Structures are given as C-alpha cells and as structure tokens.
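If you want the building blocks of each chain, they are given just below.
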Amino acid sequence: MQAVTRVSGTAYPWGQKNVDTDVIIPAHWLKTVTREGLGKGAFETVRAQAGNVFDDPRYAGAQILIAGDNFGCGSSREHAAWALADMGITAVIAPSFSDIFSGNAFKNGIVAVVLPQDAIDRLLAVAQDQPITVDLETMTVTTPYQDRFPFELNAFRRQCLMEGLDEVGLTLARDTQISKYEAGVAEHRPWMIGERAHAGIVVEGTGRT
C-alpha cells in the first residue's frame, strides 16, 4: 500500500448522496480475480450519461472525489474500494460514509474524509476550477481561497495511511518480535512445537513445522 500524507489537485465535484457500492462498481464486474482493471467499470452507469463529471476533461486524472451523504452504502463489496483506487482516487470527501466502505477504503489506502455539508457545498463550488488539498499531517482540507476545513480521523488509521501499512504490512513490521517469540517458544516450551506441527504452523529457526 502506498503511503499517503498529502493529496492535492483536481477533484471530481460530484456531491451525489446515497451512492451504493453497486453504483461505484456494478455487480457484473465482480467476476474478476484481480484488482487491476476495475477502474474501467467504476461508475459505469453514471458514465453512460452524457456530460457526466467522470468523463469531463476538466477533471481528468483527479485523485479526490467530493461526494454526498452516506457514500458507499449498500453491499459490503471491497471491489468498490478496489475500483476507486484503480481509477486513481486517493481521497473521498463526504458528510458521512457507510462503516463497511470506510473500513475497506482505509485498507486500500483511500482516505475517507468526513466534513459537514456546508464545507462540502463550498468544496463542490471551488472544485469546479480550482484544486483541493487533503493533508493528513495537519488534518485539514484546504483550497486556494484560504478555506481551511479541519477533519478527524482515527489515530491508528491515520498512522497506517501515512506509513503505507496494510494488515500484511503491519504483520511484517513486527517480524523481529514474532521471530523472537517463536524462538523462545522453541527453546523454553518445546512440547508446543508438536502441537503446532499438527496445525501446520512453521516455527522459524527450528526447521520444524
């Protein structure tokens, strides 16, 4: 997962409320066994409409999506976060998110920023022709017009996003402690090794499973 400290640039000024995961990525795209290419199917039904914001050349390459209340509702499909990431979205700003979507976004390196509706309205207006900046160090969303909107984010999630750590990365970051613990088990409680062998657990440094 790529580290995210600051996202700045063009933003999609969408503002749509109650966007469910089937709108973000339609069900027929879920047959894929890889995350790559899902960006092509992101907001497929919206893109079928003439003049939609996602195909507007003014917002080409945008990394920020400004959405409405209850973004990511509906099913729990993680493909929604995969599709957003594959189309280049690194931050979504909305008044509220589905809890499951918010968790999936975090696990895939997408910052879910919650701001009140009046701040969203202002950002929707500014994003028509000006860049938006989401800064995890200062925990603010800012504009070239000196708008400054503070937001809150779980401290653990903020740290993981800024360090680029997903669940696998968090485990690997503790490899030394894990290996030390396992070596201690092998030395001081060798009878447990046999039990672990039945479970298929490898004890590093012992040559045994």
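See the structure printed just above.
Let us look at the structure shown here. These numbers come from a predicted model, not from an experiment. (Residues numbered from 1 in each chain as written. Predicted model: local features only at pLDDT ≥ 70, side-chain atom pairs only at ≥ 80, totals over all residues. Heavy atoms only, no water.)

1. A closer look at the sheet that holds strand β8 (residues 148-150)
Thought 1: In space, the 4 strands of this open sheet follow the order β1-β6-β7-β8, with antiparallel pairing throughout. At either margin of the open sheet sits one strand with a lone partner, and together these are β1 (6-9) and β8. Strand-to-strand twist of the sheet, defined as the mean angle between neighbouring strand axes without regard to direction, takes the value 10°.
Thought 2: Sheet topology note: the strand β7 (residues 140-142)/β8 ladder contains 3 bridges and is antiparallel. Pairing of T142 across the sheet is with R148, part of β8.
Thought 3: Packing of helix α5 (residues 117-126) onto the sheet brings it into contact with β6 (132-135), β7 and β8, and relative to β8 it is tilted by some 140°. (Pairing = 2+ DSSP bridges. Helix = DSSP H or I, 4+ residues; strand = E, 2+ residues; numbered from the N terminus. Axes fitted to C-alpha atoms, helices over the stretch in contact; angles between N-to-C directions. Contact = heavy atoms within 4.5 Å.)

2. Some remarks on the environment of V7
Thought 1: Its location among the elements puts V7 in strand β1.
Thought 2: It is 9.7 Å that separates the C-alpha atoms of V7 and I89, two residues lying 82 residues apart in sequence.

3. Re the packing of aromatic side chains
Thought 1: Taken as a whole and assessed by the stated rule, the structure comprises 8 aromatic pairs.
Thought 2: Consider the rings of F71 and F97, whose centres lie 6.2 Å apart with planes at 85°: the pair is edge-to-face. Here F71 is found in the loop between β3 (64-66) and α3 (79-86), whereas its partner F97 is found in the loop between β4 (91-94) and α4 (99-107), with 26 residues between them in sequence.
Thought 3: Site record: aromatic cluster; members linked through ring pairs are Y12, W14, F43 and F54. (Phe/Tyr/Trp six-rings, centres within 6.5 Å; stacked < 30°, edge-to-face > 60°.)

4. Quick look at the sheet that holds β4
Thought 1: Read across the open sheet, the 4 strands follow the order β2-β3-β4-β5; overall the sheet is parallel. Two strands bound the open sheet, and with one partner strand each, they are β2 (11-13) and β5 (111-114). When strand polarity is set aside, the average angle formed by the axes of neighbouring strands in this sheet is 15°.

5. Observations concerning the pattern of salt bridges
Thought 1: In total, this model carries 5 salt bridges according to the counting rule given.
Thought 2: Between D135 and R6 there is a salt bridge, with its nearest N and O atoms 3.7 Å apart. With a gap of 129 residues between them, D135 in strand β6 and R6 in strand β1 connect regions that are remote in the sequence.
Thought 3: D135 sits in the buried class, given a relative accessible area of 13%.
Thought 4: The class for R6 is exposed, based on a relative accessible area of 54%.
Thought 5: Two residues, D56 and R58, come together in a salt bridge whose shortest N-O distance is 2.9 Å.
Thought 6: The class of R58 is exposed, set by a relative accessible area of 51%. (Salt bridge = Lys/Arg side-chain N within 4 Å of Asp/Glu carboxyl O. Buried < 20%, exposed > 50% of the residue type's maximum accessible area, 1.4 Å probe, protein only.)

As far as function goes, none of this settles anything; it's purely spatial.
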